[in-house]
Amino acid sequence: MPTQNPLFKIILGSSSKARREILGEMGYEFTIMTADIDEKGIRREKPEDLVMALAEAKADTIVQRLLAGGSLEEDASTTLLITADTVVVYRGVIREKPTSEKEAREFIKGYSGSHAAVVGSVVVTNLATGKRCGGWDSAEVYFLEIPDEVIDSLIDEGITFNVAGGLMLEHPLTLPFVDAVVGSTDTVMGLSKALTEKLLLEAL
């Protein structure tokens, strides 16, 4: 696919494999920087407010690192920094990445035969002008009954500890037990294509 961004550069401020794949599918070339912020140090009651605050904090951290390294002064061309965050909301409770095997098991067993909401933010910062645009999107995921042996395999693989709510929709073990997605699949995976496109244009 031809690249779409000859007029500007993109930095993806995320280590997420799914986000890298989604942005690549959109036809963009980009470099990667990670923020490594203390996500637990940022708390908000509403999931929408939390994901926005976390994406903005990631952007702030990367901008500060670029300033400290003198990278922003060296390159005057327009560079757009994309940061994002995702949480799962299950029965009104915000779920981030599980911190233990016990928590991961509880999370996934809860989804079995039930459903959860995914709330994801995208923030685009224009590093040349300082302009920042952000927004959030949400989707609902409905699950069939997930067998215990599948839950065991997911936990043994360790992948559940790297994703919000321990929920990896696109994983070959999970996918057969997804009954329906109401909303955008890419929102569930961590980066809404439509929202990202909109914000990239707004930030220019």
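A few points on the structure. (Residues numbered from 1 in each chain as written. Predicted model: local features only at pLDDT ≥ 70, side-chain atom pairs only at ≥ 80, totals over all residues. Heavy atoms only, no water.)

Quick look at the nonpolar core
Note on soluble globular proteins: their nonpolar side chains tend to be buried together. Counted only if it meets this: Only buried residues count toward a nonpolar core, which is a set of Ala, Val, Leu, Ile, Met, Phe, Trp, Tyr and Cys residues joined through side-chain atoms within 4.5 Å. Buried, partly exposed and exposed residues are distinguished by accessible area as a fraction of the type maximum, computed with a 1.4 Å probe on protein chains only: under 20%, between the cut-offs, and over 50%, respectively. Starting at the N terminus, helices and strands are each numbered in turn, a helix being any DSSP run of H or I of at least four residues and a strand any DSSP run of E of at least two. Contacts are residue-level and defined by heavy atoms, with any inter-residue pair within 4.5 Å sufficient.
In this structure, V88, Y111, V141, F143 and I146 are the most contacted members of the largest nonpolar core, which totals 22 residues. If you list the elements that add at least two residues to this core, you get β3 (79–90), α4 (101–111), β5 (115–126), β6 (132–143) and α5 (148–157). Once you skip the residues sitting within four places of it in the chain, F143 turns out to touch Y111, G113, S114, L167, T174, F177, V178 and D179. Listed in part, the 18 residues of the second largest apolar core include I22, M26, V122 and L200.

Comments concerning the environment of G134
Tracing the chain through its elements places G134 in strand β6. Its relative accessible area of 42% is what places G134 among the partly exposed residues. Separated by 12 residues in the primary sequence, G134 and V122 place their C-alpha atoms 5.6 Å from one another. If near-sequence neighbours (up to four positions away) are discounted, G134 is found in contact with M52, V122, V123 and L199.

Regarding α5
The test is simple: To obtain the arc, one takes the directions from the helix axis to the C-beta atoms.
Where α5 is concerned, the buried positions are V150, I151, L154 and I155. Projected down its long axis, α5 carries its buried residues within an arc of 135 degrees, all on one side. Among the exposed residues of α5, those oriented more than 90 degrees off its buried face are E149 and D156. One or two steps after α5, the chain reaches G158, where phi turns positive at roughly 85 degrees.

Brief notes about the pairing of β5
Put simply, the rule is: Think of it this way: DSSP has to see at least two bridges between two strands before they count as a pair.
In terms of burial, β5 is largely enclosed, as 11 of its 12 residues are buried. Bridge count for β3 against β5 is 10 bridges, and the pairing is antiparallel. When the bridges of β5 are listed, L80 appears paired with N126. Sheet analysis places β5 next to β6, joined by 11 bridges and oriented antiparallel. Pairing of V124 across the sheet is with C133, part of β6.

Looking at the pairing of β6
Count of turn residues in the β5/β6 antiparallel hairpin: five residues, of which G130 carries a positive phi of about 85 degrees. The pairing of β6 with strand β7 (residues 178–182) spans four bridges and is antiparallel. Residue pairing in the sheet places F143 in a bridge with V178 of β7.

Thoughts on the side chain of E96
The condition that has to hold: Think of a polar contact as two N or O atoms within 3.5 Å of one another; within protein, one of them needs to be a possible hydrogen donor and the other a possible acceptor, and neighboring residues in sequence only count if both atoms come from side chains.
Mapping E96 onto the fold places it in the loop between β4 (93–95) and α4. Of note is the side chain of E96, whose polar atom sits 2.8 Å from the side chain of R43.

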